[in-house]
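Observations on chain architecture
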Amino acid sequence: MTQTLLPGAAAEGVLPESPVVEHSAWTELKSAVETVRPWQSKDGSVDFDAEGAPTRGAVTAQVTRMSEAVEELAPLLPHNAAYHRALVSDLRRWVESDFAVPDFLDSLLAFQPAQERVHGRQHLVLFPMYTQNGNPDRNFEAVVLRMVWPDWLSELERTRYDNPLFLGITFEDFTSGYDTHSAVLFPETIAVREAPERFSWGGIFCDREAARFRRVVHAACDVTSLELPEDALGLLDDQERAQQTFVLWDMVHDRTHSHGDLPFDPFMIKQRQPFWMYGLEELRCDLTAFHEAGKLEADGFAQGRDVQYAVILERLFRFPVTGERNRNYDGLGGQLLFAYLHRHDALRWTDNKLTIDWDLAREVTVRLREEIETLYREGIDRPKLVHWFKAYELVSGYLAPHPGSTWAKGPEALDLDLPPRKLVDEVHPDEFPLSMFYEALSKKLRGVIASTKGITADSASVGVAA
């Protein structure tokens, strides 16, 4: 039941003969955005009293360029007509506000890409926003993307993995906030006067995820002398196949945040808790995708086999050595998976060579998911603080806490008269440090990880030295 993901396939509303990024107005829009971005403060406003500040006339001229470029490009994208009208209105209102903190709620509400997911359809997106794992400030960003929604994925979403807000997307071009490690387009990052009652879409760039996965895992296999099965090697060597893998993984992962036996603290709502709780939640969602991928493989979907390889290899190699160590919850999940596989002999590091027993690794990975699911189910009957400690016991059973950790000393070391959110302050920034294996791997892969900044399918060559 293997199906091909067609790049740039013609579909209703898509004009492959006139791609947005080849239009001169897109060049104008990018130039205007890049001119305005350095003038903006962290909150997106322009401080005209700051040293080196532009004149109001200069900013107005650039915002006018942005508006005119959007209006010129809009006929190429008739499915976004309402959004582009609202966008131009929000740009004009920002000028009228004397460039105060931008409010693009109206255009955000008008942008509804999940209402009609058409494979290959282009979207032009312009918002003042921060980019996760990229630019932390709410500066303007412009991006042209294409939808990834092949028939086989649409059918799986309709029949097995309902996720009406999910967008699989790929980059066509972008401004500098996306020339980073950011691989998501989330509405909650956009500057608005008030958060909508609910968000109606969320996008993940499967081309960037696939490209960096291929580059990092190739390098990690070289460094560790890991010999992969032929199927896994084929996945690493095929960008299109890897994109199919990630869009399926992401769709199942995303919906898992609101499915299962969950304690009353739903992870989709902002809250303050120890970072290992976020690490376990992200790992739970990935391991659920792994579990479902096994079912899909049995049903004849080759993408299911590939998701299993990708979850293990991405979690083992890229997550633990990516980003800062300060409360790195994704890194923690990767460390835990490695330690769990190692403890159960599914993975061995002997004679400076890594080996994986893939059949056993699949069994053991499912067992780790079951342990986390049990923690969650029992957490429904526990107070929040007890649940946190039980989660700590699970993680610390496989990962050594920092020698200076207060939490590792147990409840008696904490002031339990404080509310739980205050006890989060006692969590060590690197509560579960890297093992000696990962410290060495991190040094070997540092250059490769850095090289994935801004990576896309077009720059996905894997021949980068570690």
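Residues numbered from 1 in each chain as written. Predicted model: local features only at pLDDT ≥ 70, side-chain atom pairs only at ≥ 80, totals over all residues. Heavy atoms only, no water.

So, on to the overall build of the protein chain. A count of helical and extended segments in the protein chain gives 15 helices and 7 strands. Residues counted as buried form 53% of the 466 residues belonging to the protein chain. Expressed as a percentage of contacts within the protein chain between residues at least 6 apart in sequence, the contacts between residues at least 24 apart total 74%. Surface exposure of the protein chain reaches about 19900 Å², of which carbon and sulfur atoms provide 49%. Looking at charge distribution, the protein chain has the averaged site of its 48 positive side-chain charges lying 3 Å from that of its 73 negative ones. (Helix = DSSP H or I, 4+ residues; strand = E, 2+ residues; numbered from the N terminus. Buried < 20%, exposed > 50% of the residue type's maximum accessible area, 1.4 Å probe, protein only. Contact = heavy atoms within 4.5 Å. Areas by Shrake-Rupley, 256 points an atom, 1.4 Å probe, with all protein chains shown as cover. Lys, Arg positive; Asp, Glu negative; His and termini not counted. Charge placed at Lys NZ, Arg CZ, Asp CG, Glu CD.)

The next point concerns the pairing of strand 5 (residues 202-205). Where burial is concerned, the two faces of strand 5 agree: the one with G202 and I204 and the one with G203 and F205 are both buried. The pairing of strand 3 (residues 166-174) with strand 5 spans 4 bridges and is parallel. Bridge assignment links G168 to a residue of strand 5, and that residue is I204. The pairing of strand 4 (residues 184-185) with strand 5 spans 2 bridges and is antiparallel. (Pairing = 2+ DSSP bridges.)

Turning our attention to the pattern of salt bridges. Counted according to the given criterion, the structure contains 33 salt bridges. With a shortest N-O distance of 2.9 Å, D299 and R160 are connected by a salt bridge. Of this pair, D299 sits in the loop between helix 9 (275-298) and helix 10 (302-318) while R160 sits in the loop between helix 5 (151-159) and strand 3, placing them 139 residues apart in sequence. For R160, a relative accessible area of 30% corresponds to the partly exposed category. A salt bridge links D306 to R241, with the shortest nitrogen-to-oxygen separation between them at 2.8 Å. Taken together, the residues span a long stretch of sequence, with D306 in helix 10 and R241 in helix 8 (residues 239-256) at a distance of 65 residues. The class for D306 is buried, based on a relative accessible area of 3%. Here the salt bridges do not stand alone but share partners, grouping D90, R93, D103, D106 and R193 into one network. (Salt bridge = Lys/Arg side-chain N within 4 Å of Asp/Glu carboxyl O.)

The next point concerns the environment of W249. Mapping W249 onto the fold places it in helix 8. A relative accessible area of 4% means that W249 is categorised as buried. Linking W249 and G304, residues 55 residues apart in sequence, is a C-alpha distance of 8.8 Å.

Nonpolar side chains in soluble globular proteins tend to be buried together. Ranked by size, the top nonpolar core spans 90 residues in total, and within it L248, W276, L316, F317 and W407 carry the most contacts. At 10 residues, the largest contribution of residues to this core is made by helix 9. If near-sequence neighbours (up to four positions away) are discounted, F317 is found in contact with V216, V217, A220, C221, T224, L226, L354, L441 and L445. If you look at the next biggest cluster of nonpolar residues, it comprises 47 residues, including L108, A114, L124 and V143. (Core = buried A, V, L, I, M, F, W, Y, C linked by side-chain atoms within 4.5 Å.)

Taken as a whole and judged by the stated rule, the model has 28 aromatic pairs. Centre to centre, the rings of Y83 and F111 are 4.7 Å apart; their planes meet at 45 degrees, and the pair counts as tilted. Highlighted residues: Y83 in helix 3 (residues 81-96) and F111 in the loop between helix 4 (105-110) and strand 1 (122-129), separated in sequence by 28 residues. Residue Y83 shares its accessibility class with F111, and that shared class is buried. (Phe/Tyr/Trp six-rings, centres within 6.5 Å; stacked < 30°, edge-to-face > 60°.)

Locating R369 in the fold gives a position in helix 12 (residues 358-379). Ignoring anything within four residues of it in the chain, the contact list for R369 reads L287, T288 and H291.

As a further point, take the environment of H428. Note on placement: H428 falls in the loop between helix 14 (420-423) and helix 15 (436-451). Sequence separation between H428 and V311 is 117 residues; the distance between their C-alpha atoms is 28 Å. Separated by 3.1 Å, the side chain of H428 and the backbone nitrogen of D430 make a polar contact. (Polar contact = N/O pair within 3.5 Å; in protein donor to acceptor, adjacent residues only side chain to side chain.)

Further remarks concern the pairing of strand 1. Moving residue by residue along a regular strand, the side chains alternate between the two faces of the sheet. The buried fraction of strand 1 is high, at 8 of 8 residues. Side-chain alternation along strand 1 places Q122, L124, L126 and P128 on one buried face and H123, V125, F127 and M129 on a second face that is also buried. Note that strand 1 and strand 2 (residues 139-147) share 8 bridges and pair antiparallel. Looking at strand 2, one finds that Q122 is bridged to R146.

Along the chain, R215 turns up in helix 6 (residues 206-224). No salt bridge forms around the buried R215; measuring N to O, its nearest opposite-charge neighbour D179 is 10 Å away.

A word on the packing of helix 6 against helix 15. The angle between the axes and the distance between the axes are what describe a pair of packed helices. Direction vectors running N to C along helix 6 and helix 15 enclose 140 degrees, while the axes themselves pass 10 Å from each other. With respect to helix 15, the axis of helix 6 lies oblique. Considering the relative orientation of helix 6 and helix 15, their crossing is right-handed. Contacts from R215, V216, A219, A220, V223 and T224 of helix 6 reach helix 15 at F437, L441, K444, L445, V448, I449 and S451. Looking at the contact of helix 6 with helix 15, its residues break down into 9 nonpolar, 2 polar and 2 charged. (Axes fitted to C-alpha atoms, helices over the stretch in contact; angles between N-to-C directions. Parallel < 35°, antiparallel > 145°, perpendicular 65-115°, else oblique. Left-handed = near helix turned anticlockwise from the far one by under 90°. Nonpolar A, V, L, I, M, F, W, Y, C, P; charged D, E, K, R; others polar.)

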